[in-house]
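The lines below spell out each chain.
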Amino acid sequence: MPRRERRAQLMESALEVFVAQGYHAAAMDDIAERAGVSKPVLYQHFPGKLDLYLALLDQACDTIIANCRAALDSTNDNKQRVAATIDVFYEYVASETGAFRLVFESDLTNEPAVREHVERVTTECAALIAFVIHDDTGLPDDASRLLAVSLVGMAQVSARFWLSDPGQISRPDATALVAGLAWRGIRGYPKTDEH
């Protein structure tokens, strides 16, 4: 198998193991067995368990950030931008891979490299959103960034709550509810009095 394909296979197997067992309970033996390879093959690609975990975390973070960027670029209508951005987080937590658990529910956040990766999602998504807020409202950079971090937090926390306790609320309905709340708040900061 070509190196790139083998690496992707190993990462897919590792994701399944880490999501199911958490970082501390997962063993490189389990990952190698899940991938159908020997441990030496696994170590040829990843020198250790933390390296493998960080590679998965990078991939997960890049996905969320890219999806956030795409949502913001999808339209010039800010109400639709809010809805699209909120939906990024709901779609991500609803994914069957469970990769969101690495980013938002890691049992390794005391590890500085992991914490840095996890914080990158908030920081980079908020930076993208803050640019739009600043451009649309004329608010100072610090105020725009604070509002953007608040929107990211609202999306991420509510999506995780919805997944753990969805009740009778479908994903589109949950996204619409939270996007409506976010829009009603953020639209109160226009450059003019127009709403």
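Calculation criteria
Residues numbered from 1 in each chain as written. Predicted model: local features only at pLDDT ≥ 70, side-chain atom pairs only at ≥ 80, totals over all residues. Heavy atoms only, no water. Helix = DSSP H or I, 4+ residues; strand = E, 2+ residues; numbered from the N terminus. Buried < 20%, exposed > 50% of the residue type's maximum accessible area, 1.4 Å probe, protein only. Contact = heavy atoms within 4.5 Å. Salt bridge = Lys/Arg side-chain N within 4 Å of Asp/Glu carboxyl O. UniProt positions renumbered as here; feature names shortened; annotations may be inferred. Polar contact = N/O pair within 3.5 Å; in protein donor to acceptor, adjacent residues only side chain to side chain. Axes fitted to C-alpha atoms, helices over the stretch in contact; angles between N-to-C directions. Parallel < 35°, antiparallel > 145°, perpendicular 65-115°, else oblique. Nonpolar A, V, L, I, M, F, W, Y, C, P; charged D, E, K, R; others polar.

A.B. asks: Any chance you could explain the environment of Met-28 here in plain terms?
C.D. replies: Among the structural elements, Met-28 can be located in helix H2 (residues 28-35). Classification of Met-28 as buried rests on a relative accessible area of 6%. Leave out the neighbours within four places in its chain, and Met-28 touches Lys-39, Leu-42, Tyr-43, Phe-46, Gly-48, Lys-49 and Leu-52.

A.B. asks: How should I be thinking about the pattern of salt bridges in this particular structure?
C.D. replies: For side chains of opposite charge, pairing can occur when their charged atoms come near one another. Applying the stated criterion across every chain yields a total of nine salt bridges. When the shortest N-O distance is used, the salt bridge between Arg-120 and Asp-62 registers 2.8 Å. With Arg-120 in helix H7 (residues 112-137) and Asp-62 in helix H4 (residues 49-73), this pair connects stretches of sequence that are 58 residues apart. When the shortest N-O distance is used, the salt bridge between Asp-142 and Arg-145 registers 2.6 Å. Taken as a pair, Asp-142 and Arg-145 lie in helix H8 (residues 141-164) at a separation of three residues, close to a single helical turn. Given a relative accessible area of 56%, Asp-142 falls into the exposed group. Residue classification places Arg-145 among the partly exposed residues on the basis of a relative accessible area of 43%.

A.B. asks: What's the story with the UniProt feature "DNA-binding region" (unreviewed entry) in the protein in this structure? I'm lost.
C.D. replies: Per the UniProt record, the feature "DNA-binding region" (unreviewed entry) sits at residues 27-46. The span residues 27-46 is 75% helix and 0% strand, and its two end C-alpha atoms sit 13 Å from each other.

A.B. asks: Just to check I follow, could you spell out the environment of Asp-51 for this structure?
C.D. replies: If you trace the backbone, Asp-51 turns up in helix H4. Using a relative accessible area of 37% as the deciding quantity, one classes Asp-51 as partly exposed. Separated by 3.1 Å, the side chain of Asp-51 and the backbone nitrogen of Gly-48 make a polar contact.

A.B. asks: Looking at this structure, how should I read the UniProt feature "domain: HTH tetR-type" (unreviewed entry) in the protein?
C.D. replies: Under the local residue numbering, the UniProt record ascribes the feature "domain: HTH tetR-type" (unreviewed entry) to residues 4-64. For residues 4-64, the end-to-end C-alpha separation is 22 Å, with 87% helix and 0% strand making up the annotated structure.

A.B. asks: Can you help me understand the packing of H4 against H7 in this one?
C.D. replies: The packing of two helices is summarised by the inter-axis angle and the distance between the axes. Running from N to C, H4 and H7 point in directions that differ by 10 degrees, and their axes come no closer than 10 Å. With respect to H7, the axis of H4 lies roughly parallel. Here Leu-50, Tyr-53, Leu-54, Leu-57, Asp-58, Cys-61, Asp-62, Ile-64, Ile-65, Cys-68, Arg-69 and Leu-72 of H4 come into contact with H7, specifically with Ala-113, Val-114, His-117, Val-118, Arg-120, Val-121, Glu-124, Cys-125, Leu-128, Ile-129 and Val-132. Classifying every residue of the contact of H4 with H7 by side-chain character gives 17 nonpolar, one polar and five charged.

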